[in-house]
Amino acid sequence: MILIIDSGSTKSDFIWIKKNDIRYKSQTTGINPFYQKENDILATITNACPIEIREQTKQVYFYGAGCSFKEKCDMVQRPLQEIFSHAIIEVHNDLLGAARSLFQHDEGIACILGTGSNSCQYNGNGIVKNVSPLGFILGDEGSGAVLGKNFIGDILKGLAPIEITERFFQEENISPAVIMDKIYKQPFPNRFLAQFSKHIYQYKKEPYFHQLLITCFKDFFFRNISQYPESLAIGLVGSIAYYFQEELLDVARQDNRAITIIEKSPIDGLIKYHQ
C-alpha cells in the first residue's frame, strides 16, 4: 500500500491507497518540525498509524509544513522510517504537495492559504521559484494566522468598532490577558490566532471584516503573487482559500490575475497524482 500524508500546522491527513482504492484514513493534529521535537512527531505519527497496516505500507509520501530544509525533513524522515522500517519514504514540503495536487503535471502558480500561507511557480515537475513565506510574524500574508493577528490587534488597540469588540469578547468568552498569554507564552500561537478566522467568516459581510479580508488578500497578492509571471494560472488550496474564495476572486480580478482552481484540501489531488 501507498501512504500519503498531507500535514499542515493545524491538522494532518493520512490516506492509504492500494490499486486506486482508499483502504484506510486517519487524521491527527498538525506536524511541523519548526515547532515540535522529534519525539513529539514520532508520537503523533504512531497514533495515526494502526499496527496492523504498518507492514503492508510499502511507500510513504509525506508533504508537510516546515519541511523546507534538509534538517527539518530529517526530523520527519527518521520517525517515519522507525515506524515503516521496510518502506520507501519521501519527505517533501507542503508546497510541492499543493502544486502536484492543483496542477498535476502542468505549470502554474500554486498557493497555500491555511493556518499559514505560501506560494510557488511550478513547472509541472518541480518548484522553480518560491517567495519565502517567512512565518506569521514576518510574512504569511492572507493566512488564518495573519487574519487572526490583524483582527486581534485591532481589538486590543481599540481600532475595531466597539460593537464588534464587545460581541467578540462575549461570543469567544476570552479576555485580553488570556490572549496575550496564548500568543507570547504558549506553544503554537499561529494556531491560536488562526482559530479566529471562524469568527471573521461568520461576520465577513460586515464592512469592517470585508475590508480586513480585502486588505490581507491584497497584501498576499502584492508581496507574493506579483513576483511570478502574469501569464500563469493561479491555483489555491487550504481552508482560508476555500471559505474566503469570494473575496480572493475579487482581489484577483482587481489585480488582473486568473484563479483557475480552489481546493479545500490537497489530498484528493495527491491521490490522483500518485495513482
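Everything discussed here concerns the structure shown above.
What you see is a predicted model, and the numbers here were worked out from it, not measured in a lab.

### Here we look at the overall build of the chain
At step 1: Counting its regular elements, the chain contains 14 helices and 10 strands.
At step 2: Relative to a compact globule of 275 residues, whose C-alpha radius of gyration would be 19 Å, the chain shows 19 Å and is just as compact.
At step 3: Taking the principal axes of its C-alpha atoms as reference, the chain extends roughly 60 × 45 × 30 Å.
At step 4: Counting the 275 residues in the chain, one finds 55% classified as buried.
At step 5: When contacts within the chain are restricted to residue pairs at least 6 apart in sequence, long-range pairs at least 24 apart make up 65% of them.
At step 6: Total accessible area on the chain stands at roughly 13,300 Å², and carbon and sulfur atoms take up 50% of it.
At step 7: Across the chain, the 28 positively charged side chains and the 31 negatively charged ones have centroids separated by 3 Å.

### Notes on the pairing of strand S9 (residues 234–237)
At step 1: Of the two faces of S9, both are covered, the one formed by Ile234 and Leu236 as well as the one formed by Gly235 and Val237.
At step 2: The pairing of strand S6 (residues 108–113) with S9 spans four bridges and is classified as parallel. Bridge pairing in S9 links Ile112 to Val237.
At step 3: For S9 and strand S10 (residues 259–263), the ladder comprises four bridges, and the chain directions are parallel. Across the sheet, Leu236 pairs through a bridge with Ile262, a residue of S10.

### Remarks on the sheet that holds strand S1 (residues 2–7)
At step 1: An order of S3-S2-S1-S4-S5 is seen for the five strands of this open sheet, with the pairing classed as mixed. The open sheet has two edge strands, strand S3 (21–29) and strand S5 (88–93), and neither has a second partner. Averaged over all pairs of adjacent strands, the angle between their axes in this sheet comes to 15°, without regard to strand direction.
At step 2: Where helix H3 (residues 70–83) meets the sheet, it contacts S1, strand S4 (59–64) and S5, and its direction lies at approximately 150° from that of S5.

### Re the sheet that holds strand S7 (residues 117–122)
At step 1: Taking strand neighbours across the sheet as the criterion, the five strands line up as S8-S7-S6-S9-S10 in an open arrangement whose pairing is mixed. Pairing within the sheet leaves two strands with one partner each, and these edge strands are strand S8 (127–129) and S10. Strand-to-strand twist in this sheet, taken as the mean axis angle between neighbours without regard to direction, amounts to 30°.
At step 2: One ladder, built from six bridges, connects S6 with S7; its direction is antiparallel. The residue of S7 that forms the bridge with Ile112 is Asn118.
At step 3: Docked against the sheet, helix H11 (residues 207–223) engages S6, S7, S9 and S10, running at close to 35° with respect to S7.

### Considering the packing of aromatic side chains
At step 1: This model, assessed by the stated rule, comprises 16 aromatic pairs.
At step 2: Between Phe14 and Trp16, the aromatic rings sit 6.4 Å apart at their centres with planes inclined by 25°, giving stacked as the arrangement. Each member of the pair Phe14 and Trp16 is classed as buried.
At step 3: Summarising the aromatic geometry, the rings of Phe217 and Phe244 are spaced 6.4 Å apart at their centres and angled 55° between planes, so their arrangement reads as tilted. One end of the pair, Phe217, is in helix H11; the other, Phe244, is in the loop between helix H12 (239–243) and helix H13 (245–254), with 27 residues separating them in the sequence.

### Here we look at the pattern of salt bridges
At step 1: For the coordinates displayed, the defined rule picks out eight salt bridges.
At step 2: The partner of Glu247 in a salt bridge is Lys204, and the shortest N-O contact between them spans 3.4 Å. Taken together, the residues span a long stretch of sequence, with Glu247 in helix H13 and Lys204 in the loop between helix H10 (197–202) and H11 at a distance of 43 residues.
At step 3: Judged by its relative accessible area of 4%, Glu247 is buried.
At step 4: In the salt-bridge network here, residues are joined through shared partners; they are Lys204, Lys205, Glu246 and Glu247.

### Some remarks on a nonpolar patch on the surface
At step 1: On the surface, a cluster of nonpolar side chains totalling about 320 Å² of accessible area is made up of Phe34, Tyr35 and Phe69.
At step 2: One can find Phe34 in the loop between S3 and helix H1 (38–48).
At step 3: Residue class for Phe34 comes out partly exposed when judged on its relative accessible area of 44%.

About the thresholds
- Residues numbered from 1 in each chain as written.
- Predicted model: local features only at pLDDT ≥ 70, side-chain atom pairs only at ≥ 80, totals over all residues.
- Heavy atoms only, no water.
- Helix = DSSP H or I, 4+ residues; strand = E, 2+ residues; numbered from the N terminus.
- Rg over C-alpha atoms; globule rule 2.2 N^0.38 Å.
- Buried < 20%, exposed > 50% of the residue type's maximum accessible area, 1.4 Å probe, protein only.
- Contact = heavy atoms within 4.5 Å.
- Areas by Shrake-Rupley, 256 points an atom, 1.4 Å probe, with all protein chains shown as cover.
- Lys, Arg positive; Asp, Glu negative; His and termini not counted.
- Charge placed at Lys NZ, Arg CZ, Asp CG, Glu CD.
- Pairing = 2+ DSSP bridges.
- Axes fitted to C-alpha atoms, helices over the stretch in contact; angles between N-to-C directions.
- Phe/Tyr/Trp six-rings, centres within 6.5 Å; stacked < 30°, edge-to-face > 60°.
- Salt bridge = Lys/Arg side-chain N within 4 Å of Asp/Glu carboxyl O.
- Patch = residues over 30% accessible without salt bridge, like charges linked within 9 Å, V, L, I, M, F, W, Y side chains within 5 Å.

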